[in-house]
Amino acid sequence: MKLGVCYYPEQWPEAWWADDARRMREIGLSVVRIGEFAWSRIEPEPGRFVWGWYDRALATLADAGLKLVLGTPTATPPKWLVDARPDILAWDASGTPRRFGSRRHYDFSSATYKREAARIAEAVVARYGRHPAVIGWQTDNEYGCHDTVESYSPAAAAAFRRWLAERYGSVGEFNRAWGAVFWSQEYRSFDEVDPPNLTVTEANPAHRLDYRRFASDEVVAFNRLQAEIIRAGSPGRDVVHNFMGFFTAFDHHAVGRDLDVAGWDSYPLGFLDQGWDAPDVKLRYLRQGHPDFAGFHHDLYRGCAAPDGTPGRMWVMEQQPGPVNWAPHNPAPLPGMVRLWTWEAFAHGAELVSYFRWRQAPFAQEQMHAGLLRPDSVDDAAADEVRALAGELAVAEGATPERAKVALLFSYQAQWLLGIQPQGSGFDPLRLHFECYSALRALGLDVDVLPPDAPLDGYRLVVAPSLPIADNALATRLAASGATVLLGPRSGSKTIDFQIPPTLPPDGLRALVPLTVARVESLPSGFAERCADAPGAAVAWLEHVETDLPARASTAHGRGLWFARERFHYLACWPDEAFLGHVVRTLAVEAGLDPRGLPPGLRLRARGPLRFAFNYAPEPVDLALYLPPDAKLLIGGPDLPPGGVAAWREA
Ligand code: GAL
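Positions within a chain are numbered from 1, following the residues in the order the chain's sequence is written. This being a predicted model, a pLDDT of at least 70 is required before a residue's local features are given, and a value of 80 or more before pairs of side-chain atoms are given or counted; all residues contribute to the totals for chains, interfaces and linings. Remark: hydrogens and water are excluded; side-chain values derive from all non-hydrogen atoms of the structure.

**Structural notes on the packing of aromatic side chains**
- Whether two aromatic rings pair depends on their centres lying within 6.5 Å, for rings of Phe, Tyr and Trp, where Trp uses its six-membered ring; planes under 30 degrees apart make the pair stacked, over 60 edge-to-face, and the rest tilted. A full pass over the atoms with the stated rule returns 52 aromatic pairs.
- Look at Phe108 and Phe222: their rings are 5.3 Å apart centre to centre, the planes differ by 90 degrees, and that puts the pair in the edge-to-face class. Residue Phe108 is located in the loop between helix H4 (79-84) and helix H5 (111-128), and its partner Phe222 is located in helix H8 (residues 205-233); the two are separated by 114 residues in the primary sequence.
- Judged by its relative accessible area of 3%, Phe108 falls in the buried class.
- Measuring from centroid to centroid gives 5.2 Å for Phe174 and Phe190, while their planes differ by 45 degrees, and the two rings are tilted. Here Phe190 lies in the loop between helix H7 (171-178) and H8 and Phe174 lies in helix H7, a separation of 16 residues in the sequence. Pair check on accessibility: Phe174 and Phe190 agree, each one buried.
- Should the NZ of a Lys or the CZ of an Arg lie within 6 Å of a ring centre and within 35 degrees of the ring normal, that charge is described as sitting over the ring. When the ring centre of Trp12 is taken as origin, the NZ or CZ atom of Arg359, which lies over that ring, is 4.6 Å away.
- Lying across the ring of Phe427, Arg490 places its NZ or CZ 4.6 Å from the centre. Helix and strand definitions here come from DSSP, where helices need a minimum of 4 consecutive H or I residues and strands a minimum of 2 consecutive E residues; each element is numbered from the N-terminal end. Working definition: with a 1.4 Å probe on protein chains only, accessible area under 20% of the residue-type maximum means buried, over 50% means exposed, and in between means partly exposed.

**Some thoughts on the site of the ligand**
- Residue proximity to a molecule or strand is established when one non-hydrogen atom of the residue lies within 4 Å of it. Contacts to the ligand come from Phe37, Arg103, Asn141, Glu142, Asp265, Tyr267, Glu318, Trp326, Phe356, Glu366 and His369.
- Whenever two N or O atoms come within 3.5 Å, that pair is a polar contact, provided that in protein one can donate a hydrogen and the other can accept it, and provided that, for residues adjacent in sequence, both atoms are side-chain atoms. Arg103 places a side-chain nitrogen or oxygen 2.8 Å from an oxygen atom of the ligand.
- Between the ligand and the protein, one listed contact pairs an oxygen atom with a side-chain N or O atom of Glu142 at 2.4 Å.
- A 1.4 Å probe and the Shrake-Rupley method give the accessible areas. Residues count as covered only by the protein chains that appear here. Starting from 310 Å² of accessible surface for the ligand in isolation, the protein chains cover 95%.
- Just so you know the grouping, Ala, Val, Leu, Ile, Met, Phe, Trp, Tyr, Cys and Pro go in nonpolar, Asp, Glu, Lys and Arg go in charged, and all remaining residues, Gly too, go in polar. A per-class count over the shell around the ligand returns four nonpolar, two polar and five charged.

**Section: the pattern of salt bridges**
- What counts as a salt bridge is simple: a side-chain nitrogen of Lys or Arg found within 4 Å of a carboxyl oxygen of Asp or Glu. The full count for this structure, using the stated rule, is 39 salt bridges.
- For Arg339, the salt bridge is made with Glu392, and the minimal N-O distance between the two is 2.9 Å. Of this pair, Arg339 sits in helix H13 (residues 337-347) while Glu392 sits in the loop between helix H14 (381-390) and strand S9 (406-409), placing them 53 residues apart in sequence.
- On the accessibility criterion, Arg339 (17% relative accessible area) is buried.
- Salt-bridge contacts for Arg387 lead to Asp384; the nearest nitrogen and oxygen are separated by 2.6 Å. Residue Arg387 and its partner Asp384 are located together in helix H14, separated by three residues, close to a single helical turn.
- Look at Arg387 and you get partly exposed, because its relative accessible area is 25%.

**With respect to the environment of Asn197**
- By secondary structure assignment, the location of Asn197 is in the loop between H7 and H8.
- Residue classification places Asn197 among the buried residues on the basis of a relative accessible area of 16%.
- For Asn197 and Val50, which are 147 residues apart along the polypeptide, the C-alpha to C-alpha distance reads 41 Å.
- Contact definition: two residues touch when any of their heavy atoms are within 4.5 Å. Non-local contacts of Asn197, meaning those with residues more than four positions away in its chain, are made with Asp92, Ala93, Gly95 and Tyr152.

**Focus: the side chain of Glu43**
- Considering the arrangement of structural elements, one finds Glu43 in the loop between helix H2 (39-42) and helix H3 (52-63).
- Within the local environment of Glu43, its side chain forms a polar contact with the side chain of Arg119, the two groups lying 2.8 Å apart.
- In contact with Glu43, other than residues within four places in its own chain, are Arg48, Phe49, Trp80, Arg119 and Ile120.

**A short note on the domain arrangement of the protein**
- Just so you know, the domain bounds were taken from an automatic or database domain assignment. What the domain assignment lists for the protein is domain 1 (2-151 + 219-266 + 292-396), domain 2 (154-207), domain 3 (406-590) and domain 4 (602-649).
- Contacts between the two partners involve eight residues from domain 2, matched on the other side by six residues from domain 3.
- Here the quantity called buried area is the total loss of accessible area, with a 1.4 Å probe, experienced by two parts when brought into contact, counted for both. Summing both partners gives a buried area of about 530 Å² for domain 2 against domain 3, and 37% of it is carried by carbon and sulfur.
- Here Arg176 ties to Asp497 by a salt bridge, and the two come within 2.9 Å at their closest N and O atoms.
- Here domain 2 and domain 3 share three residue pairs in polar contact (both at pLDDT 80 or more) between them.
- Contributions of two or more residues to the side of domain 2 that touches domain 3 are made by helix H6 (154-168), H7 and H8.
- Along the lines of polarity and charge, the residues of the side of domain 2 that touches domain 3 split into four nonpolar, one polar and three charged.

**Let's talk about the environment of Arg284**
- Structurally, the position occupied by Arg284 is in helix H11 (residues 279-284).
- With 191 residues separating them along the chain, Arg284 and Ala93 place their C-alpha atoms 37 Å apart.
- When neighbours within four sequence positions are excluded, Arg284 is seen to be in contact with Pro600, Ala617, Pro618 and Glu619.
- Only 3.1 Å separates the side chain of Arg284 from the side chain of Tyr285, close enough to count as a polar contact.

**Some points on the nonpolar core**
- Put simply, a nonpolar core is a bunch of buried Ala, Val, Leu, Ile, Met, Phe, Trp, Tyr and Cys residues held in one set by side-chain atoms that sit within 4.5 Å of each other. Residues Leu29, Trp178, Trp343, Tyr355, Phe579 and Phe612 are the most contacted members of the largest nonpolar core, which totals 173 residues.
- The element contributing the most residues to this core is H8, with 11 residues.
- Non-local contacts of Phe579, meaning those with residues more than four positions away in its chain, are made with Cys531, Ala534, Pro535, Gly536, Ala537, Ala553, Leu561, Trp562, Leu571 and Cys573.
- Grouped together as the second largest cluster of nonpolar side chains are 27 residues, Val485, Leu509, Leu512 and Val513 included.

What follows is the structure, given as structure tokens:
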């Protein structure tokens, strides 16, 4: 478990570097991420490389005993390159090329840019790949940030046509798959197909889904290109990328297969403010973030870096240290929260937590974004918290993360499909997954978030909030796992071609729960179908089911909401918090787990034999109720203040 920081020596006078490095060590940091935006200083003119400053910066940091994670600078192609080769630019959905002046302006499909990205990555890797202080490489920076996965450029259109030809082989098959006879959308050749932007009304959903699949594949290929360069020139170092919060525009499981470590950037306050939570929730957690925001992503990204989909390695590459600059409102974290977020990341299996950034920049876009130091170089609030935390880390020495007993299945393709045709403005698939995760976590259960093809043996409870594309193989694996299984609404509701399956939903899963979804309806917010025989209600989404199975919960009108055959369960609605809590608690008990009712805002997490408690609530929590009788607290006391952390060893 290491602490780190994101540092930009190119933004500060060289005379400051040595003192910065010394202070990093003094605070307790041991890793520095560097260089991911430095292209214009590395290669100020085509082919003229200036390494001196970079050599000296690395030497200064390494001499202070710091280890280095270097970024390939491909998120920020410099002006001279844009001017010389405008074909590297991505085009937005209005058909306009992106302009220079911020970042991420490149096109994943531009052959020119792929060449240029490989060239600069090769240059940096050739120079520093075997540097003794370099322990890892971050590819690019936050693929997709600022809505940049999909481009509508001529290069993207050409690549999409090739992608379609490869996927479908024949135009006849392609027209069938898209249902192109509808509205005379038939094509005579792949060359006639355009990207799905600028259509008068919604483009064919199969067209949009294929464009998302294609764009995601382009990200995977771009990342692989860099990963291969790094592996060839920097043997033994970790390859990592920094994913984002609540971001699903490319398949992170697929990108993760080319990484050693899944990194992600954790900004709990910014995401609460711009997210879907109700105003009272936003106010309650204003300075803490949602109690499950960070945990959800730690667990999701742990499921992204192992080739077989089991929980793998995870780093928090950027951790919010204070107010950020980019949300509608940017409050300061409660005292203690930076420490809490850091400990929580370690509890969920992180190997590194790296703060963004070292010193707040007094210039340019992010001048209002806090760092560990203020712009005048005085320690900002987080520096003290990190210093104190660094002294505590030894407590968890030797505690290695283990697999949880609950798995939540998460498919990026499902996010795209359900997002493209939500059939109701309230149906946000990511939110449904997050709410299921949150309901499990509120019961004190640890959860692994896994791709749907991950091995499931050993799990006691498997929750699949919504897998619209399901097949018999999935049903077989779920049956073989021995776990209690909960399938959410819209499971098995589409074919791989984005069509309604011939035998209606839940296609592929009917062997587990013999029922047919004959009709669906979406419901406006404020409307609820109350459960007659269970707490809570169905909201946002309701399915009309035909089956001989008895319902385990129904509406007052007798419409079944929850069906089960043996240990296989189907939810025919979007459950509100009370109903979802009831269902998952019941299933946790039936699965032989030990669910607890935690007070709102308290979360528990085990790392090996250690169990941690985190208080996100704005009021103190009495931990005594949740501690084993003879527990000796290693961190914190039984009276957990807001933002407090406690840890103890479990038998
Ligand atoms: C991240 C990004 C950083 C910085 C940060 C500000 O999205 O990777 O470069 O912009 O946000 O919060």
